[in-house]
Amino acid sequence: MRQDIIDFIKDYRVIILIVFLVVSVASISLSGITEGLDLKGGSSIQIELQQPVNTTTMNTVINVLNKRLDVFGVKDVQVRPSGNQSVLVEVAGVQPQDVANLVGTPGKFDATIGNQTVLLGSDIVTVQAYTVTGNTWSVPFTITTTAANNFAQAAKGKAGQPVNMYLDNNLVSSPQLDPGLANGVASTDVEVSGTAASAVAAQTQAKNIQTILQSGSLPVEVSIEGVSSVSAQLGSEFVNGALIAGIAALIVISAVILYRYRTPILVIPIIFTSLSELVLILGVASIIHWNIDLAAIAGIIAAIGTGVDDQIIITDEVLKGNREFNVSTPTQKSRRSKRADKKKGKKGKSEDKKVKVSRRITGFRLRIRSAFFIIYASAATLIAAMLPIAYVGYSTGSGLGVLVGFAFTTIVGVLIGIFITRPVYAKFVELLVGTN
Amino acid sequence: MSILERFLSNYKPLIAVPVIITLIALALIATHGITENIDLKGGSNAVIQLEKPISSSDLQNTIVKGINNNQVDVTSIANNQATIQISGATNVSAFVNAISGTGTLLSFQSVGPLLSSQALTQVYYALAFAFLFMSITVFIVFRNVVPSVAVILAALSDIIIALGGMSLFGIPLGVASVGALLMLIGYSVDTDILLTTRVLKRREGTINERATNAMKTGFTMAAAAIGSMVTLYLVVIIFIPYAQTLSLIASVLIIGLTADILATWLMNLGILRWYMEDRR
C-alpha cells in the first residue's frame with residue numbers, strides 16, 4: 001500500500017497539479033487578485049456618441065475624457081472604446097455622480113455679447129485654479145492674444161452689457177461687461193463666475209467647470225447611456241456572501257456524495273479537487289491580471305459544478321468496473337492473462353497476485369478512459385456554449401459583454417478541470433479502489 | 001425495484017410527460033410573457049443606505065419630486081436599505097441630489113434605450129449561437145442522428161421549461177439569467193452525454209441495466225448540482241440580497257435542472273430506447 005501511495009505522488013499528473021497549485025498560490029499571494037468594479041466598488045459609465053466616429057476622433061474623445069478625469073483627480077480609471085459609437089469609462093471607488101457630470105458632457109464653451117460670439121473654448125490657453133468665496137465661485141483663465149484682440153473689438157463701447165457664457169448651451173455666467181474691458185484694449189485674462197445654492201455646491205460646480213475648460217471639448221455630442229455603480233461596502237458584502245455560499249455548497253455536495261457512496265474518504269478528494277480548481281482559476285486570473293467580478297464568480301461556480309459532475313462520473317465508472325471485473329474474472333481470459341498464465345508456472349504465487357492486480361488496474365484504465373470520453377464531450381459542449389458571450393465581450397464589452405468574465409472563468413475552469421485536476425482525481429480513485 | 005422496472009418497460013408513453021410540460025411552458029411564455037430586467041428593457045435601479053427610517057411612500061415622493069419622474073417604485077425597505085426602481089434612464093446626479101439627506105447611494109444602475117435594445121439583440125444571438133455550437137459539438141461527438149437529436153431536444157426542452165418557470169415565478173430575463181441558461185445547457189448536456197454514451201456505446205449488461213446504472217450516476221449529479229444551487233440561492237437571499245446576479249442564476253438553474261431530470265430520463269432515454277429497439 002505504501003508503494004501505491006508513493007507511485008501516486010510520483011505520477012506525472014499529480015506532480016503537474018502540485019506545481020500548478022504552487023505557482024497559483026505564489027502568484028495570488030504576490031500579485032493578488034484584481035477584483036472587478038462590482039466587488040471592490042466603483043462605477044462604470046457608458047457614453048454614447050451622437051454618431052459613429054473614426055479612430056482619430058475616437059482617440060480624441062478618449063484623450064479628452066482621460067484628461068478630464070486626470071485633472072479632476074480621479075485615479076484608477078479606464079477609458080476604452082466600445083464599438084465605434086460608444087465609450088466605456090470605468091472608475092474605481094468614486095461616486096458615480098461625480099464621474100457622470102464630468103464625462104457626460106461635450107464641454108463646449110462659448111461666450112456672447114448680444115448676438116455676437118466673442119469667445120470659444122478653443123481660445124482658452126490655460127485655466128487657473130478656481131476660487132470660492134461664500135456661495136460664489138470663479139474660474140479664471142487666459143485666452144490667446146488673437147482671441148483677446150477679437151474680444152476687445154467686439155466689446156468696445158458695450159460697457160454694462162451682459163457677457164453670456166455658455167457651457168454646452170447652458171448659461172453658466174453672465175457678468176456685466178466691465179468698462180475697463182470695453183475700451184478696446186485687449187486683455188488675455190478672463191474669468192467665468194457664478195453663484196450656487198451652497199458653498200459645497202459652489203465648490204463642485206467650480207471644480208467641474210475648471211476641469212472641463214482645461215480639458216477642452218469633445219469633438220462630438222455625447223450622452224450618458226448607461227451607469228452601473230456599486231459602493232465598496234456592497235462590493236465587500238458580495239465577496240463575503242460568495243465565500244459563504246461556496247463553503248455551504250461544498251458541504252451540501254459532500255453530504256450528497258456521502259449519502260450516495262457511504263465512503264467518507266471519497267469526500268476528501270472531491271473537496272480537494274474543487275478547491276484546487278478554484279485556486280488554479282484564481283491563479284490564472286492573477287497571472288494575467290484578469291478582473292474577478294460577480295460574473296466571474298458565477299463562472300467559477302459553473303466550472304466547479306461541472307467538475308463535481310465529472311468526478312461523480314469517474315467514481316461510478318471505476319466502482320462499477322471494479323465490481324463487474326471481480327465477478328467476471330474467472331470466465332474472462334484475455335490474451336494478456338493467457339500470456340501471464342504461461343509465465344506463472346516459473347514464478348509461483350506472488351507473481352500470480354501481481355498479475356491479478358495489474359489486470360485490475362488495466363480494467364480501471366479502460367473505465368477511466370471511457371469516463372473521460374463523457375467528460376471531454378461535455379466540456380466541449382460547455383465551451384462551445386460560452387463562445388458567443390466571449391465574442392460579444394471582446395468586441396463590445398457592454399450589454400451582454402459584462403458576462404465576459406463568466407465565459408472566461410468557465411472556459412478556463414473547464415480546461416483546468418479536464419486536463420489537470422480531474423485526471424488526478426481519477427488516479428486517486430484508482431489508488432483507493434486498488435488498495436481496497 | 002418493481003416501480004423502476006415498470007417505468008423502464010413503459011418508456012414510450014412517458015416521453016409525453018416532458019413534452020407536455022414543455023408545451024405548457026411554451027403556452028405560459030406566450031400568454032404570460034417574461035418580464036425583462038432593466039438591462040434589457042431600460043430603466044434604473046438603485047439601492048440606497050437610509051440615514052433615518054422613512055416610509056416607503058415618503059421615500060417615493062421625495063424621489064419623484066427630486067428627479068421629476070413619477071414612475072418611481074420603492075420595491076423594498078429592509079435593514080435600513082431601500083431598493084428603488086425607476087422606469088426610464090435617470091440622471092445619477094439628479095438622483096443623488098434627490099436622496100441627499102435621506103440616504104446615500106449603495107449601488108446604481110441605469111440603462112438607456114440604446115444600450116438595452118443592443119443587449120436584447122445580443123441575448124437572442126448569444127442563446128441561438130450557443131445552442132447551435134452545442135448542437136454541432138453533440139453531432140461531432142456521437143456522429144449519429146437520432147441520439148444527437150435526442151440530446152439536443154432534451155437541452156431545448158430544459159431551456160423552454162426554465163423560461164416557462166421564469167414566466168411563472170416572475171423571474172426577470174436579464175443578462176444574468178442568460179448566463180444561467182448557458183450554464184443550464186452545459187449541465188443538461190452533461191447528463192445526456194452520460195446517458196447516451198452508457199446506453200448506446202457500451203456492450204455489457206442489458207439496455208435496462210445500463211440505463212439504471214446511468215440513472216444512478218445522473219441522479220447523484222443532479223442532486224449535487226441542484227443542492228448547491230439551492231444553497232447558493234438561500235445564502236444570497238439571506239446574506240446578500242442585492243447580489244441579484246447570483247440569485248437569478250441560482251433560481252433559473254434550480255428550475256432548469258429539475259426539468260432536466262424529466263427531459264433526460266423520460267424523454268432522452270425514451271427516444272434512445274425506442275431507437276435501439278427499432279434498429280434491432
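The structure presented is a predicted model; accordingly, all values stated were derived computationally and were not measured.

Rules used throughout
- Residues numbered from 1 in each chain as written.
- Chains lettered and ligands numbered in written order.
- Predicted model: local features only at pLDDT ≥ 70, side-chain atom pairs only at ≥ 80, totals over all residues.
- Helix = DSSP H or I, 4+ residues; strand = E, 2+ residues; numbered from the N terminus.
- Contact = placed C-beta atoms within 7 Å.
- Domains from an automatic or database assignment.
- Nonpolar A, V, L, I, M, F, W, Y, C, P; charged D, E, K, R; others polar.
- Pairing = 2+ DSSP bridges.
- Axes fitted to C-alpha atoms, helices over the stretch in contact; angles between N-to-C directions.
- Parallel < 35°, antiparallel > 145°, perpendicular 65-115°, else oblique.
- Left-handed = near helix turned anticlockwise from the far one by under 90°.
- pLDDT = per-residue confidence, 0-100.

This part takes up the overall build of chain B. From N to C terminus, chain B includes 11 helices and 4 strands. A separation of at least 24 residues holds for 77% of the contacts in chain B among residues at least 6 apart in sequence.

Further remarks concern the domain arrangement of chain B. Residues and elements named next belong to chain B. With domains assigned, chain B is organised as domain 1 (2–38 + 115–279) and domain 2 (43–111). Contact residues are listed per partner, giving 4 residues for domain 1 and 7 residues for domain 2. Classifying every residue of the side of domain 1 that touches domain 2 gives 3 nonpolar, 1 polar and no charged.

We now examine the sheet that holds strand S9 (residues 163–167) of chain A. Residue and element names in this part refer to chain A. Spatially, 4 strands are ordered S5-S4-S9-S10 in an open sheet, and the strand pairing comes out antiparallel. Because the sheet does not close on itself, it has two edges, and the strands there are strand S5 (116–120) and strand S10 (170–173). Geometrically, the sheet is characterised by an average inter-axis angle of 40 degrees between neighbouring strands, direction not taken into account. As defined by bridge partners, strand S4 (residues 109–113) adjoins S9 across 5 bridges and the pair is classed as antiparallel. Considered in S9, the bridge of Ala111 is made with Met165. Against the sheet, helix H6 (residues 145–155) engages S4 and S5, with an angle of about 155 degrees to S5.

Remark: helix H8 (residues 232–261) of chain A packs on helix H10 (residues 207–239) of chain B, axes separated minimally by 8 Å, with the N-to-C direction vectors making an angle of 150 degrees. Comparing the axis directions of H8 of chain A and H10 of chain B gives the class roughly antiparallel. Of the two elements, H8 of chain A crosses H10 of chain B, and the hand of that crossing is right-handed. Between H8 of chain A, through Gly241, Ile244, Ala245, Ala248, Ala249, Val252, Ile253, Val256 and Arg260 of chain A, and H10 of chain B, the contact on the second element is made entirely by Thr220, Ala223, Ala224, Gly227, Ser228, Thr231, Leu232, Val235, Val236 and Phe239 of chain B.

This part takes up the sheet that holds strand S3 (residues 86–92) of chain A. Strand pairing in a sheet takes place through backbone hydrogen bonds and is either antiparallel or parallel in direction. Taken in spatial order, the 8 strands of this open sheet run S2(A)-S3(A)-S1(A)-S12(A)-S4(B)-S1(B)-S3(B)-S2(B), and their pairing is antiparallel. Only two strands of the sheet have a single partner each, and these edge strands are strand S2 (77–82) of chain A together with strand S2 (72–78) of chain B. Averaged over all adjacent pairs, the angle separating strand axes in this sheet is 20 degrees, with direction ignored. Sheet analysis places S2 of chain A next to S3 of chain A, joined by 6 bridges and oriented antiparallel. Across the sheet, residue Arg80 of chain A finds its bridge partner in S3 of chain A, namely Leu88 of chain A.

Right, let's talk about the confidence of the model for chain B for a bit. Do not read the predicted coordinates in detail wherever pLDDT is low. Overall, the predicted model of chain B reaches an average pLDDT of 89, with 99% of residues at or above 70. The ipTM, which scores confidence in the relative placement of chains, is 0.87 for this predicted complex, and the corresponding pTM is 0.82.

Moving on, we come to the domain arrangement of chain A. Residue and element names in this part refer to chain A. Taken domain by domain, chain A comprises domain 1 (2–37 + 231–435) and domain 2 (42–229). Of the residues lining the interface, 5 residues belong to domain 1; the matching set on domain 2 comes to 10 residues. Class assignment of the residues belonging to the side of domain 1 that touches domain 2 gives a composition of 2 nonpolar, 3 polar and no charged.

Residues and elements named next belong to chain B. As judged from the 6 bridges shared by S2 and strand S3 (residues 81–86), these two strands associate in the antiparallel manner. If you follow Val72 over to S3, its bridge partner there is Ile86. Connecting S2 to the antiparallel partner S3 that follows it, the hairpin turn spans 2 residues, and Asn79 within it adopts a positive phi of roughly 50 degrees.

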